[in-house]
Amino acid sequence: MLHLTDIQLQDNKTFLAMLNHVLNVDGFYFSTTYDLTHTLQRLSNTSPEFQEMSLLERADQRFVWNGHLLRELSAQPEVHRFALPVLHGFITMHSCSINGKYFDWILISRRSCFRAGVRYYVRGIDSEGHAANFVETEQIVHYNGSKASFVQTRGSIPVFWSQRPNLKYKPLPQISKVANHMDGFQRHFDSQVIIYGKQVIINLINQKGSEKPLEQTFATMVSSLGSGMMRYIAFDFHKECKNMRWDRLSILLDQVAEMQDELSYFLVDSAGQVVANQEGVFRSNCMDCLDRTNVIQSLLARRSLQAQLQRLGVLHVGQKLEEQDEFEKIYKNAWADNANACAKQYAGTGALKTDFTRTGKRTHLGLIMDGWNSMIRYYKNNFSDGFRQDSIDLFLGNYSVDELESHSPLSVPRDWKFLALPIIMVVAFSMCIICLLMAGDTWTETLAYVLFWGVASIGTFFIILYNGKDFVDAPRLVQKEKID
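Calculation notes
- Residues numbered from 1 in each chain as written.
- Predicted model: local features only at pLDDT ≥ 70, side-chain atom pairs only at ≥ 80, totals over all residues.
- Heavy atoms only, no water.
- Helix = DSSP H or I, 4+ residues; strand = E, 2+ residues; numbered from the N terminus.
- Rg over C-alpha atoms; globule rule 2.2 N^0.38 Å.
- Buried < 20%, exposed > 50% of the residue type's maximum accessible area, 1.4 Å probe, protein only.
- Contact = heavy atoms within 4.5 Å.
- Pairing = 2+ DSSP bridges.
- Right-handed = clockwise from strand over helix to strand, strands pointing away.
- UniProt positions renumbered as here; feature names shortened; annotations may be inferred.
- Patch = residues over 30% accessible without salt bridge, like charges linked within 9 Å, V, L, I, M, F, W, Y side chains within 5 Å.
- Areas by Shrake-Rupley, 256 points an atom, 1.4 Å probe, with all protein chains shown as cover.
- Salt bridge = Lys/Arg side-chain N within 4 Å of Asp/Glu carboxyl O.
- Core = buried A, V, L, I, M, F, W, Y, C linked by side-chain atoms within 4.5 Å.
- Axes fitted to C-alpha atoms, helices over the stretch in contact; angles between N-to-C directions.
- Parallel < 35°, antiparallel > 145°, perpendicular 65-115°, else oblique.
- Left-handed = near helix turned anticlockwise from the far one by under 90°.

If you look the protein up in an unreviewed UniProt entry, it shows as Phosphatidylinositol-3-phosphatase SAC1 from Nomascus leucogenys.

Quick look at the structure:
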């Protein structure tokens, strides 16, 4: 490091902090024996040659988060046994018992490293058709040598759109007016059909207000593509479940029940014979593909698990999973933990609506916790997500450090307003409080001071809000491909 300039040495510390920031996020997993990146069904359809390959060679590259870090080892087959693919997402495994019959229940969520990033800075799709916050979730059951699995996916609305933070609580989504939406849309679903088969799309966003144009665009794209492999269902989650009427989710489940039976699930018996294949997946999304999406996925997964356990002989005919109190507690908590893990990795906080996932009921305490998490999300999305986005891009190789670059990529000049106006607002607000605390005999004079500093602080606040994009922590590193 002796040859580095002072600026490069300082940048190097920042780059190392970025790598550590990514590595300190929970949710990295690896195995020395099991291929975590593939579903049971994909692994069952492989050749003997595939089975002989190293875990790194045969891994699904969508889910290898250390792929960039392993690039030099990947070129040397003799050291592949030392290089293991690392998954990012969530894994939980439980030994369970129903009717005295013991089985293993496993939940795996695999986050894609393509178009990875944070909530507001990575939306929609890129030119290759990769969707933001794409997650493949697999639910697995092991019982007496038999294995069953049910796979679902989630991902951002697959058109070119953005929603950059600007200090407003909910920035308006912007749909690109120049991009070829159909090209990216088709690339996305062509790959999804090849990998998973039929696509039952469940769009959970609002069908009015700022989210309405996205729903309309999504529906138009599906209709224009006219593929028999895709079915589109729009379910306005917030409208249907308002006033805490979460029992109305049964409307959606009843609507897709026949489709779910058609898609089926994967099942292999104790002799290794494939009894059933999953013919397609539910692809669910809301705006963030976190809170509403996880609720629906947990309900669909329970319905599939009910059928699997009955077929395996764990559940008696007529028995319902909801009646198995001990297992239900494990099941609900695991799906809530899955929601929290995916939300922390994308939005920076735990998921919303997890009180319903954990208990089956929407509670007032849950609403309060949702409000608290929303406040934390607002702060992080506006004032710390630029650093998080840069960290992920550096870790995944979307940005490569060039020692010969004369200008530091981290030295972005800030407008004078960036520091001056927030300081003025804080001083004005503080003076307002001080005037109230030190109120003397002359209330008229105190009131005048309060009004003056109050107007100053409120006025400055609105100036900051109006010029919001000048104050948010935006990414600074130039990516190989623009986000928008």
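Visitor: So what exactly am I meant to see when it comes to the overall build of the protein here?
Guide: If you tally the helices and strands in the protein, you get 16 helices and twelve strands. Over its C-alpha atoms the protein spans a radius of gyration of 25 Å, differing by no more than 12% from the 23 Å that the globule rule assigns to 484 residues. Dimensions along the principal axes, computed over C-alpha positions, put the protein at roughly 85 × 60 × 45 Å. Looking at the protein residue by residue over its 484 residues, the buried ones come to 51%. Within the protein, counting contacts between residues at least 6 apart in sequence, those at least 24 apart form 70% of the total.

Visitor: What am I meant to see in the pairing of strand β9 (residues 230-234) here?
Guide: Where strand β8 (residues 198-203) meets β9, five bridges bridge the pair, whose relative direction is parallel. By the bridge assignment for β9, Ile-201 is matched with Tyr-232. Crossover handedness for the path β8 to helix α7 (residues 212-225) to β9: right-handed.

Visitor: I tried to follow the UniProt feature "transmembrane region" (unreviewed entry) in the protein on my own but got confused; where do I start?
Guide: Feature annotation in UniProt assigns "transmembrane region" (unreviewed entry) to the following positions: residues 418-440 and 446-466. Overall, residues 446-466 shows 100% helix and 0% strand. The separation of its end C-alpha atoms is 30 Å.

Visitor: Would you take a moment to explain a nonpolar patch on the surface for this structure?
Guide: There is a patch of nonpolar side chains on the surface, built from Phe-429, Ile-433, Ile-434, Leu-436, Leu-437 and Met-438 and spanning about 660 Å² of accessible area. Along the polypeptide, Met-438 turns up in the loop between α15 (417-437) and α16 (443-466). Judged by relative accessible area, Met-438 falls into the exposed class, the value being 66%.

Visitor: What's the story with the nonpolar core in this structure? I'm lost.
Guide: Most often, soluble globular proteins have nonpolar side chains that are buried together. With 45 residues, the main nonpolar core has Phe-103, Trp-105, Leu-249, Leu-309 and Phe-327 as its most contacted residues. In terms of residues, this core owes the most to one element, helix α10 (residues 291-312), which gives eight residues. The residues touching Phe-103, leaving out its near neighbours within four places in the chain, are His-94, Ser-95, Cys-96, Ser-97, Ile-98, Val-141, His-142, Tyr-143, Leu-309, Val-314 and Phe-327.

Visitor: What should I look at first to understand unusual backbone geometry in this one?
Guide: Phi is mostly negative for residues that are not glycine, and the peptide bonds are mostly trans. Phi angles above zero are rare outside glycine, and Asn-133 is one such case at about 50 degrees. Topologically, Asn-133 is positioned in the loop between β3 (101-111) and β4 (135-143). Owing to a relative accessible area of 4%, Asn-133 belongs among the buried residues under this scheme. Residue Cys-289 is not a glycine yet carries a positive backbone phi of 60 degrees. Structurally, the position occupied by Cys-289 is in the loop between β12 (280-285) and α10.

Visitor: It is not clear to me how the packing of helix α9 (residues 249-263) against α10 should be interpreted in this structure. Could you clarify?
Guide: Any two packed helices are characterised by the angle at which their axes cross and by the distance between the axes. Running from amino to carboxyl end, α9 crosses α10 at an angle of 50 degrees, the nearest separation of the two axes being 11 Å. Our classification of the angle between α9 and α10 gives oblique. The chirality of how α9 crosses α10 is right-handed. Across from Leu-249, Leu-252, Leu-253, Val-256, Ala-257, Gln-260 and Asp-261 in α9, the residues of α10 making contact are Val-295, Ile-296, Leu-299, Leu-300, Arg-303 and Ser-304.

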